[in-house]
Amino acid sequence: MRVIGFLLLHLVSVVKAQAIDETDPPIDNDRRLEGESCCSLGNPVELAFLYTGDGCLVAENNGQTGDNCIGTISPADPPEKVFILASSREDPCDPDADVWFEDERTLSNPEFTLTTNEASFPTEVFIHILPADSLCDAERLETIKFIADCSEGEKIDMGSIFGSVEVSGCFAVESDQGEDCCEFLDDEPLQLRFTYTGETAVKIIANDRADACDTNKVWYSAHVVEPQDEFTLDVHTIGENRFGSAIFFHLLDENASCNSKSSTETYEIDICSRNSKTNVRDGDGLIIGDPVPRAGKTILIGCSAESPTVEKSCCQPTQSLASLHFTYNGGNCQNDLAESIVESCTGELNDAQAVHIVASASEDVCDPNANIYFDDNVDLGSEFVLKGNGNDQSEIIGDVWLHYMPLDFDRASETCNNDLIMQRVKFQISCTDSDIITNRLFGGSKLSECHAISSDDCCASDVAPLFLTFELSPRSCSTSKNGQLHDYCTGTVSEREVYVVANGDESVCKNSDWNGPVWYEGFLSITNSDSELITLSVANEFGQTAFADFTYIHILEKDAVCVGNELKKSDHLLQQIRIQTTCSSNEPLFLGDIFASATLVDCKADFEDDCCDSNKKPRQITFEYIPRNCSYFGNEQVSYANRINQVCTDFINTANSKEDVFIIASDNDQPCEQTAKKWFSDIVTFGETSKEFTVHTDSTFSPNTYIHILSKTDVPCTNGELTPGVHQIQKLYFDA
């Protein structure tokens, strides 16, 4: 039960409420718009009222048609003292309401102010007048509803009367409505804010190409938006400094993929283009408040020529730092300690145009035994990099001092003196004790970038990984924690048996088969208590030497199947995860990165596990059976390239079949040859109990090793031939 009055705290609304001290005027005099409309400068963000006790009979004197007043207050005998609660809900006890004011007021102290931290109040605002010192479910003296959104065509004028309250002041933030972002900004916009105005939810892709699947520059990446949702495009998202001449909006059905042409609506937005000869704007402009483009389903609601500062943690997911990138800005110490790891800062730089910076592990700048992370001249606005022992393989840890010295300072000189220090900043690198955040000030410099020790960095060797191992556990998209800007996730996974397909395309299906290239597929049982490991391998695709630019992990219902280019049932896709896996777009990929239900636990950039590396022939080879056709053939036996038809033969297309099979492994190309050496002959149950089978021998395998996959049976061969009713599904050949 919510209590109203001075004596008890109201925990439900304490964050949202904007109570006004009785001794302070609610709105400064220079903010008042006496005798004017509160909508003259846009939607008001503050509204001041007087409690009059005049009752609902005078509520018509306000020019609004959508207002309402219900109550029993009589101007002949108004209550002297009341409790006023202003909120977004008709029910004063609603715990989900936005509350803008709740306090007592009297006829002798009548002023109160509603203040919102949003761009405007919602369309409907309710003012509830209750007896003093009562509960919210007490009988209301009066409830007033009025329209606070000026875009609805209703008036909010100074002096307007709404029941027992009268408008006495208002304040509005001046709107950019109708302005052209190409004209009133000093430069091209670096950020554009939109509202989606369609009638149904859609998936929006914003890129620089007419092809929705093109990933060259993606400003907004396949996020689902609901009607009236706001979304933002920012050049900083992918590290660019401008949008370019055009942005393409692709509106897809909520569950469609980028290549679903029939369900895609594409339109182009001109970004302040100019005639190349006259340098005059020749596009439509970017008008705030207008649909963009003119017939589009998105309305431009704002733009900025400044891209907001992006902060990131240097301590996730690794706990060891190899380098810290700073920009020297010549600042002083007075504003650099808040929310930073700086422990102390002394001295002033006063925007010195150039200094000599020594970054070391010693407070004494002349210490000859100190670890030195940087020692050189730096100009104002230039970057300098601290490195552990001068290379990216060593760790920066413990106390670090930035010594700002006069230009051309020489710490090895006999005249080296700490008295020459212009500014000294001390901070500590310890990811176990505190986080290190980029875009924070360190005296005269700002931290702009950081890099981890490369043992945890799958991209550190400048060679993209060929194997990626993920730990799968049931999680939602909101649990993702990684440094990638273009990762994407939709859906959630609970504890259950699933089928997982990892491929190089947003679409999981193609021609009633899994869409290739396929890096992994198989059944898993995902639980909170026992996670599963999957390894994505480039070698799973014949002729592939690298992962696609984006790798998709599709987590499906265990009975999911493809019909044409779509899943038989759309709800069979439980979760889709997108990861940048080529290390080509400055997208970090660290061990420990969390991508929703998938956590990266291992990566390899070469084929290390060669069964022939020991110069001894293998005596046991274990395989995992996954029903694929020969198009998925991929391995490192390069001699196969010119004889693929001999290496793998499909007799029946059973890709994605969940049926059990009978497998024979021998040295003969005929499954029932009676003189053949047979290394394996048994039923393989797929999915439910076992997917693996082991080919073993007492000596060594033959160079010619065949794997025959047959339909399930207890007796595969009779008199050297397939038993009637048994059919061959696939034949494989390799050199063992």
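From a predicted model like this one, the values you see are computed outputs, not experimental measurements. Here the residue numbers are simple positions, counted from 1 along each chain's written sequence. In keeping with the model being predicted, local features are shown solely for residues with a pLDDT of at least 70 and side-chain atom pairs are shown and tallied solely at 80 or more, while totals for entire chains, interfaces and linings include all residues. Derived side-chain values reflect all non-hydrogen atoms in the structure, with water molecules and hydrogen atoms excluded from consideration.

### Side note on the overall build of the protein
What counts here: Strands here mean DSSP runs of E at least two residues long; helices mean DSSP runs of H or I at least four residues long; both are numbered from the N terminus. A simple rule labels every residue: compare its accessible area, found with a 1.4 Å probe on the protein chains alone, to the largest value its type can have, and call it buried under 20%, exposed over 50%, or partly exposed in between. Should any heavy atoms of two residues lie within 4.5 Å, those residues are counted as being in contact. For the accessible areas, the method is Shrake-Rupley and the probe is 1.4 Å, while residue cover comes only from the protein chains on display.
Helices and strands together make up the secondary structure of the protein, namely 2 helices and 47 strands. Within the span of the protein, comprising 736 residues, buried residues form 48% of the whole. Looking at the protein alone, contacts between residues at least 24 apart form 70% of all its contacts between residues at least 6 apart. A total of about 35,100 Å² of accessible surface is found on the protein, and carbon and sulfur atoms cover 44% of it.

### A short note on the sheet that holds strand 31 (residues 518-526)
Rules: Two strands are said to pair when DSSP picks up at least two bridges between them. Here an angle of 0 to 180 degrees is reported between the N-to-C directions of two axes, which are lines fitted to C-alpha atoms, with helices fitted over the stretch in contact.
Reading across from one edge, 27-36-33-28-31 is the order of the 5 strands in this open sheet, with antiparallel pairing throughout. Two strands bound the open sheet, and with one partner strand each, they are strand 27 (488-491) and strand 31. Ignoring strand direction, the axes of neighbouring strands in this sheet form an average angle of 15°. Across 4 bridges, the pairing between strand 27 and strand 36 (residues 573-580) is antiparallel. Residue pairing in the sheet places Tyr-488 in a bridge with Arg-578 of strand 36.

### Side note on the state of the cysteines
Where we set the bar: The disulfide criterion used throughout: a pair of cysteine sulfur atoms within 2.5 Å.
This model, assessed by the stated rule, comprises 6 disulfides. The residue that forms a disulfide with Cys-366 is Cys-416, at a sulfur-sulfur distance of 1.9 Å. An S-S torsion of about -90° defines the bridge between Cys-366 and Cys-416 as left-handed. Of this pair, Cys-366 sits in the loop between strand 19 (354-360) and strand 20 (372-379) while Cys-416 is found in the loop between strand 22 (398-405) and strand 23 (423-429), placing the two residues 50 residues apart along the sequence. Cys-366 gets classed as buried once you look at its relative accessible area, which sits at 18%. The disulfide partner of Cys-477 is Cys-489, and the S-S distance across this bridge is 1.9 Å. Taking the sign of the torsion about the S-S bond as the criterion, the disulfide between Cys-477 and Cys-489, at about -70°, is left-handed. Taken as a pair, Cys-477 in the loop between strand 26 (467-472) and strand 27 and Cys-489 in strand 27 lie far apart in primary sequence, 12 residues in all.

### Some points on the environment of Ile-341
Among the structural elements, Ile-341 can be located in the loop between strand 17 (321-328) and strand 18 (342-347). For the pair Ile-341 and Leu-441, spaced 100 residues apart in sequence, the C-alpha separation works out to 9.5 Å.

### Focus on the sheet that holds strand 6 (residues 124-131)
Across the sheet, 5 strands lie side by side as 2-7-6-3-4; this open sheet has antiparallel pairing. Both outer strands of the open sheet, strand 2 (68-71) and strand 4 (99-106), are each paired with one neighbouring strand and no more. In this sheet, adjacent strand axes meet at a mean angle of 15° when their direction is disregarded. With 6 bridges connecting them, strand 3 (residues 81-87) and strand 6 associate as antiparallel partners. Considered in strand 6, the bridge of Ile-84 is made with Ile-129.

### A few points about the confidence of the model for the protein
Stated precisely, the cut-off is as follows: You can read pLDDT as the predictor saying how much it trusts each residue, on a scale of 0 to 100.
With 73% of its residues at a pLDDT of 70 or more, the protein shows a mean pLDDT of 76. In this model residues 1-35 is a low-confidence stretch, pLDDT under 50, and it forms 80 contacts with partners more than four residues away in sequence or in other chains.

### Looking at the packing of aromatic side chains
Going by this rule: Here the aromatic set is Phe, Tyr and Trp, taking the six-membered ring for Trp, and pairing holds for ring centres within 6.5 Å; pairs whose planes are under 30 degrees apart are stacked, those over 60 apart are edge-to-face, and all others are tilted.
Under the defined criterion, the tally for this structure stands at 16 aromatic pairs. Consider the rings of Phe-101 and Phe-112, whose centres lie 5.2 Å apart with planes at 35°: the pair is tilted. One end of the pair, Phe-101, is in strand 4; the other, Phe-112, is in strand 5 (residues 111-115), and 11 residues separate them in sequence. You can call Phe-101 buried: its relative accessible area is 0%. By way of ring pairs, the aromatic residues Phe-49, Phe-101, Phe-112, Phe-146 and Phe-162 are connected into one cluster.

### What about the pattern of salt bridges?
Our working rule: By definition, a salt bridge exists where a carboxyl oxygen of Asp or Glu is found within 4 Å of a side-chain nitrogen of Lys or Arg.
In total, this model carries 10 salt bridges according to the counting rule given. Taking the shortest distance from any N to any O, the salt bridge between Lys-145 and Glu-124 comes out at 3.6 Å. Within this pair, whereas Lys-145 is found in strand 7 (residues 142-147), its partner Glu-124 is found in strand 6, the two being separated by 21 residues in sequence. Judged by relative accessible area, which is 34%, Glu-124 ranks as partly exposed. In this structure, Glu-557 and Arg-496 form a salt bridge, with 2.7 Å as the shortest nitrogen-oxygen distance. Here the residue Glu-557 occupies a position in strand 33 (residues 550-557), and Arg-496 occupies one in strand 28 (residues 496-503), the gap between them amounting to 61 residues.

### Let's talk about the side chain of His-250
Heads up, the condition is: Pairs of N or O atoms within 3.5 Å make up the polar contacts considered here, provided that, within protein, one atom can donate a hydrogen while the other can accept it, and that residues adjacent in sequence are counted only when both atoms are side-chain atoms.
The topology assignment puts His-250 in strand 14 (residues 246-253). Taking relative accessible area as the criterion, His-250 reaches 0% and is therefore assigned buried. Here Thr-266 takes part through its side chain, which lies 2.8 Å from a polar atom of the side chain of His-250. Discounting residues that sit within four places of it in the chain, His-250 has contacts with Lys-203, Ile-204, Ile-205, Asn-207, Arg-209, Ala-210, Asp-211, Ala-212, Thr-264, Glu-265 and Thr-266.

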